[in-house]
Amino acid sequence: MKGNVSGVEIELVQGDITKQEGIDAVVNAANAQLLPGGGVAGAIHRAAGPQLAQECRKYAPIRPGEAVITGAYNLPNRYVIHCLGPRYGIDRPEEELLANCYRNALRLAEEKGLESVAFPAISTGAFGYPVEEAARVALRTVMETAPTLKHVKRVRFVLYSPRDLEVHERVLRELTESAT
Ligand code: AR6
């Protein structure tokens, strides 16, 4: 599914964040120490190779809502943007912290003049954020930020499961309908 908000294409796809050819930067659902870990972070570090963890060392630790940008090494992208999402029910206010991840990631992409960014569903795995609530925050934040973007013209959400894709599609439809 695709949508267009203020000239920014929002794409929702099912897939693996480490296999996003043609996208300038992929976002990592990182841990505070920016170490490999499980889930998205494990997959990104495995695919990028050990130099990624090496570069990450100088930026760690980061706080919930923060983002840092590094090279992408063996990934098919130019950059990785590492975001620390909130742990649901622990890091508060979680909506604000999750929204900050998306805002800060887009800001870093803009600073580098990137055209395209792909996000996983930050915080919805090990960090326990319910997918529908997280989808609402993520999509709303990207839609609100879209009019300010000069370089980023394509934002892709890469959902791991068909169900997560369906939830995001429903939320995007609701948000675009209520905006018109
Ligand atoms: N591509 C796209 N999405 C994926 C992939 C993948 N390869 N693998 C998992 N997902 P998580 P978090 C989905 O746990 O909740 C790590 O251990 C997954 O189904 O990666 O922010 C870190 O080290 C879920 O929907 O991130 C941190 O400690 C979503 O991506 C902690 O987990 C996020 O799941 C971060 O937790």
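Note that residues are indexed from 1 along each chain, following the sequence as it is written. Given that this is a predicted model, residues contribute local features only at a pLDDT of at least 70 and side-chain atom pairs are listed and counted only at 80 or more, while totals for whole chains, interfaces and linings are drawn from all residues. To obtain the side-chain values, all non-hydrogen atoms of the structure were used and water was disregarded.

Q: Which parts of the structure should I look at to understand the pattern of salt bridges?
A: A side chain of one charge can pair with a side chain of the opposite charge if their charged atoms are brought near each other. Here a salt bridge means any side-chain nitrogen of Lys or Arg lying within 4 Å of a carboxyl oxygen belonging to Asp or Glu. If you walk through the whole model with that rule in mind, you get 13 salt bridges. Between E11 and R156 there is a salt bridge, with its nearest N and O atoms 2.6 Å apart. Placement of E11 in strand β2 (residues 8–14) and of R156 in strand β7 (residues 154–159) is noted, with a sequence separation of 145 residues between them. Assigned by exposure class, E11 and R156 land together as buried. If you follow the salt bridges from partner to partner, you end up with E132, R136, R170 and E174 in one network. Comment: elements are numbered from the N terminus, with helices defined as DSSP H or I runs of at least four residues and strands as E runs of at least two. With a 1.4 Å probe rolled over the protein chains alone, any residue whose accessible area is under 20% of its type maximum counts as buried; one over 50% counts as exposed, and the rest are partly exposed.

Q: Mind showing me how you'd approach the packing of aromatic side chains here?
A: The way to describe two aromatic rings as a pair is by their centre distance and the angle between their planes. Here is the rule: rings of Phe, Tyr and Trp (six-membered ring for Trp) pair when centre to centre is within 6.5 Å. Planes less than 30 degrees apart are stacked, more than 60 are edge-to-face, and the remainder are tilted. Counted under the stated rule, the structure contains four aromatic pairs. Relative to F157, the ring of F119 has its centre 5.9 Å away and its plane inclined at 25°; by these criteria the two rings are stacked. In this pair, F119 sits in strand β6 (residues 116–119) while F157 sits in strand β7, placing the two residues 38 residues apart along the sequence. Owing to a relative accessible area of 0%, F119 belongs among the buried residues under this scheme.

Q: Explain unusual backbone geometry here, please?
A: Excluding glycine, residues mostly carry a negative phi; peptide bonds, for their part, are mostly trans. Here the amide bond leading from A60 into P61 is cis, since omega sits at 0°, within 30 degrees of zero. Tracing the chain through its elements places P61 in the loop between α2 (50–56) and β4 (67–71). In this model, R92 is joined to P93 through a cis peptide bond whose omega is -5°. Relative to the elements of secondary structure, P93 occurs in the loop between β5 (79–83) and α3 (94–111). Even without a glycine there, the phi angle at Y73 is positive, about 50°. As for its position among the elements, Y73 is in the loop between β4 and β5. Even without being glycine, S123 reaches a positive phi, approximately 75°. Note that S123 resides in the loop between β6 and α4 (131–145). Given a relative accessible area of 5%, S123 falls into the buried group.

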